[in-house]
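The chain contents come next:
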2 protein chains.
Amino acid sequence: MTQAHGYAATSPTTPLAPFSFERRAPGPQDVAIDILHCGVCHSDLHTARNEWQNTVYPSVPGHEIVGRVTAVGDLVSKFRPGDIVGVGCMVDSCQHCAPCDDGLEQYCDNGFTGTYNGPAQGTGANTFGGYSDHIVVREQFVLRVSHGEADLAAVAPLLCAGITTYSPLRQWKVGPGHKVGIVGLGGLGHMGVKIAAAMGARVVLFTTSPDKREDALRLGAHEVVVSKNPDEMAAHAGSFDFILNTVAAPHDLDAFLVLLKLDGTMTLVGAPASPHPSPTVFNLIMKRRRIAGSLIGGIRETQEMLDFCAEHGIVSDIEPIRIEDIETAYERMLRSDVKYRFVIDMDSLRHGAAASSVPA
Amino acid sequence: MTQAHGYAATSPTTPLAPFSFERRAPGPQDVAIDILHCGVCHSDLHTARNEWQNTVYPSVPGHEIVGRVTAVGDLVSKFRPGDIVGVGCMVDSCQHCAPCDDGLEQYCDNGFTGTYNGPAQGTGANTFGGYSDHIVVREQFVLRVSHGEADLAAVAPLLCAGITTYSPLRQWKVGPGHKVGIVGLGGLGHMGVKIAAAMGARVVLFTTSPDKREDALRLGAHEVVVSKNPDEMAAHAGSFDFILNTVAAPHDLDAFLVLLKLDGTMTLVGAPASPHPSPTVFNLIMKRRRIAGSLIGGIRETQEMLDFCAEHGIVSDIEPIRIEDIETAYERMLRSDVKYRFVIDMDSLRHGAAASSVPA
């Protein structure tokens, strides 16, 4: 066992606060990692505040982890101390079901082990995430990071926001000659724009906020459509090969379905707390369109995504924060007041509290 | 011009009644067909009664047509007088858009011409359907029927109910080793059961009516699940490759979505008048499931379906009626009191009214 230090929520209404706990000593297949950066995902907030009614307290969130290997087990072959690595939303799965055999651990028939809020395979124990100084993860769930040192904080969000958008874009074979819509310009959407553009597609960003137009173009969108403007929307009717919808707030799906061409798909990656208005079946039937879902990505595909992003110079647009400012960051995230991801600099945990780093 | 005789609705509230009108003389690419049988589709009733608010009166319904060729134009090469042929839901399309080029005339970018209720390509004129003694159709929209003479009445429903179920089963590559669900045992559902079974899939029929169990097994289902029974449903969770949902009445889609395995698709072929309850996005995300739509099928695929059905001895289960009993048939159809399709014997039109043939 090693002593770990992090930040935990101890109840739905308690602000995150310093928390000490134990990590297992690295086993033969384990990699021990000092955490350098951890992105702040909306799921962290949902879990800290028990908004999905499944939180086990104390809860240490964080699943967009970049760190440096400090030790490896005897059977570990892919990593050695000093390597820069990533850990995403999963730290284990059954490794023997059909989805696991296919590299789709996120759909493990026996349930993958979340990086936080478990339950761990076999024991059912709670797991503690990346808002902490170190973590121990089995080799199969550790990713190689080949970005340069200067980019590492901005790499962290790739481990969740990056793979969540990359996976459906790949599954639906987005590439040159395709017209792709990205709905919403937040943590997920801004990654979707960058990745879809790098895949060679023509990218149209849909937003309700006209003031995001300039930023979307800077991020790589070829065109921006204000989805509240019916004329702008109508001009794109029946023209999209694929739409990636990153908006979790309930909204009118039909407005986007009618923009798909024959056999077009809209993939949803956000699950709304209350349902979207029911989509019109007629819009699905008339052009054989599809609504699909997608959940993060498998480990093999996550590595592919990291390599793709390194090759194309893609990182997240981030705002670094100190860990003691996490609650302020949450409040700003709730107001969508972040471009486009907060990332905790874990040095702030190792070197203790300091003056607030994040303007409220 | 030739004088045609049929049955038409002249207003939403007028019973169908004898009606005379003109058909064009066959042009160089046309096939003239004496109609032998015409199936009765729910769309006929929707149109006769203007339930889709788009009916042009007078309206002669009918798009499940089997007949005998009486004359062909000079440029017609595939048919000759005496041939037994079929005509389905379409009699024309633009023939120059991308979907038409791909044999997907039902998704014609310029709108296909319905066999009834038009509008005709170019002229925008109304079209008159199969509740009539003869029809003139361009060669590209005429299908070859290779079933035996004794089966011809029961072949008619293949032209709509058959292709509507065959097309999505083919699109999603249903075959041996697949577990396929068919939701609803009506005109569409009973064709879906027969075709999916002939494709080699394991077929599970979902119905709200326990008394349909025996009939579903007779039609080829390997198993019947009463969808109102939560225990029966739960036993199939996450196990289906594909579900074909033929039920147009609003119902809980989630009950079926959770039965799909990873990457499973549920295709809807019925458009409800009021929306289904909104499906839960979580069920789509967690196993990368999909909801899709599908509309009849293209001409090439309709021919493939007819040939497939002839090869496998598949026809519709029908109840033949005389044309003067069409309103009684509609009323029984509204009560789902038909196994499983009414088909009009067009001799009843040629030989005038007689005693009622259909028990009310």
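Chemist: Go over the side chain of D30 of chain A, please, and point to the residues and values.
Modeler: Residue and element names in this part refer to chain A. Within the secondary structure layout, D30 lies in strand β3 (residues 30-39). The exposure class of D30 is buried, given its relative accessible area of 6%. Side-chain polar atoms of D30 contact the side chain of R24, separated by 2.7 Å. Ignoring anything within four residues of it in the chain, the contact list for D30 reads R24, A25, A71, V72, G73, V76, V136, V137, R138 and E139.

Chemist: Quick rundown of the relation of the copies chain B and chain A? Include the residues and the values.
Modeler: Comparison of the two chain copies shows a relationship of rotation about an axis with a shift along it. When chain B is fitted to chain A, the residual RMSD is 0.0 Å, and the transformation amounts to a turn of 180 degrees plus an axial shift of 0.0 Å. Taken together, the rotation and translation describe the operation of a two-fold axis. Minimal C-alpha distance to the rotation axis in chain B is attained by S278 of chain B, lying at 2.0 Å. Most of the interface of chain B is mirrored in chain A, where 100% of its interface residues again form contacts.

Chemist: Mind laying out the sheet that holds strand β10 (residues 179-183) of chain A, listing which residues take part and the relevant values?
Modeler: Sheet architecture is open: twelve strands sit in the order β12(A)-β11(A)-β10(A)-β13(A)-β14(A)-β15(A)-β15(B)-β14(B)-β13(B)-β10(B)-β11(B)-β12(B), paired in mixed fashion. One side of each edge strand has no neighbouring strand; the edge strands of this open sheet are β12 (223-226) of chain A together with β12 (223-226) of chain B. With strand direction ignored, the average angle separating the axes of adjacent strands in the sheet is 20 degrees. Note: strand β11 (residues 202-207) of chain B against β12 of chain B, four bridges, orientation parallel. The partner of T207 of chain B across the bridge, within β12 of chain B, is V226 of chain B. Packed onto the sheet, helix α4 (residues 161-171) of chain A meets β10, β13 (240-245) and β14 (260-268) of chain A together with β14 (260-268) and β15 (290-293) of chain B and runs at close to 155 degrees relative to β13 of chain A. Helix α5 (residues 187-198) of chain B contacts β10 (179-183), β11 and β13 (240-245) of chain B of the sheet and is inclined by roughly 165 degrees relative to β10 of chain B.

Chemist: So what's going on with the domain arrangement of chain A? Which residues, and what values?
Modeler: Residues and elements named next belong to chain A. When cut into domains, chain A gives domain 1 (2-159 + 297-350) and domain 2 (161-293). On a C-alpha basis, the centroid separation for the pair domain 1 and domain 2 is 27 Å. Every contact between the two is made by 19 residues of domain 1 and, on the other side, 18 residues of domain 2. Surface buried jointly by domain 1 and domain 2 totals about 1,600 Å² across both partners, of which 57% is contributed by carbon and sulfur atoms. Joining domain 1 to domain 2, the criterion identifies four salt bridges. The partner of K194 in a salt bridge is D317, and the shortest N-O contact between them spans 2.6 Å. Seen at the junction of domain 1 and domain 2, the total is 14 residue pairs in polar contact (both at pLDDT 80 or more). The element best represented in the side of domain 1 that touches domain 2 is helix α10 (residues 299-311), accounting for six residues. Residues belonging to the side of domain 1 that touches domain 2 are distributed by class as follows: nine nonpolar, four polar and six charged.

Chemist: Report on the packing of aromatic side chains, specifying residues and quantitative values.
Modeler: Residue and element names in this part refer to chain B. According to the stated counting rule, one finds twelve aromatic pairs over all chains in the structure shown. Seen in terms of ring centroids, F206 and F256 are 5.3 Å apart; in terms of plane orientation they differ by 80 degrees. Their pairing is edge-to-face. Here the residue F206 occupies a position in strand β11, and F256 occupies one in helix α8 (residues 254-257), the gap between them amounting to 50 residues. Comparing F206 with F256, the two get one shared label, buried.

Chemist: Talk me through the packing of helix α4 (residues 161-171) of chain B against α5 of chain B; I want residue IDs and the actual numbers.
Modeler: Angle between the axes and distance between the axes are the two parameters that describe a pair of packed helices. Residue and element names in this part refer to chain B. Across the interface, α4 lies against α5 with an axial gap of 8 Å and an inter-helix angle of 50 degrees. As the angle between them shows, α4 and α5 are arranged oblique. α4 and α5 meet at a crossing whose hand is right-handed. Each of A161, G162, T164, T165, Y166 and L169 in α4 lies in contact with α5, whose residues at this interface are G187, L188, M191, G192, I195 and A196. Of the residues belonging to the contact of α4 with α5, the class tally is seven nonpolar, five polar and no charged.

Chemist: Outline the pattern of salt bridges, listing residues and values.
Modeler: Tallied over the entire structure, the rule returns 46 salt bridges over all chains. In this structure, R24 of chain B engages D30 of chain B in a salt bridge whose closest nitrogen and oxygen atoms are separated by 2.7 Å. Between D215 of chain B and K339 of chain B there is a salt bridge, with the nearest N and O atoms lying 4.0 Å from each other. Separated by 124 residues along the polypeptide, D215 of chain B in helix α6 (residues 213-219) and K339 of chain B in the loop between α11 (326-334) and β17 (341-345) bring together distant segments of the chain. Sharing partners across several salt bridges, the network here consists of K194, D215, R218, D317 and K339 of chain A.

About the criteria used
- Residues numbered from 1 in each chain as written.
- Chains lettered and ligands numbered in written order.
- Predicted model: local features only at pLDDT ≥ 70, side-chain atom pairs only at ≥ 80, totals over all residues.
- Heavy atoms only, no water.
- Helix = DSSP H or I, 4+ residues; strand = E, 2+ residues; numbered from the N terminus.
- Buried < 20%, exposed > 50% of the residue type's maximum accessible area, 1.4 Å probe, protein only.
- Polar contact = N/O pair within 3.5 Å; in protein donor to acceptor, adjacent residues only side chain to side chain.
- Contact = heavy atoms within 4.5 Å.
- Least-squares fit on C-alpha atoms with pLDDT ≥ 70 in both.
- Pairing = 2+ DSSP bridges.
- Axes fitted to C-alpha atoms, helices over the stretch in contact; angles between N-to-C directions.
- Domains from an automatic or database assignment.
- Buried area = accessible area lost by both parts, 1.4 Å probe.
- Salt bridge = Lys/Arg side-chain N within 4 Å of Asp/Glu carboxyl O.
- Nonpolar A, V, L, I, M, F, W, Y, C, P; charged D, E, K, R; others polar.
- Phe/Tyr/Trp six-rings, centres within 6.5 Å; stacked < 30°, edge-to-face > 60°.
- Parallel < 35°, antiparallel > 145°, perpendicular 65-115°, else oblique.
- Left-handed = near helix turned anticlockwise from the far one by under 90°.

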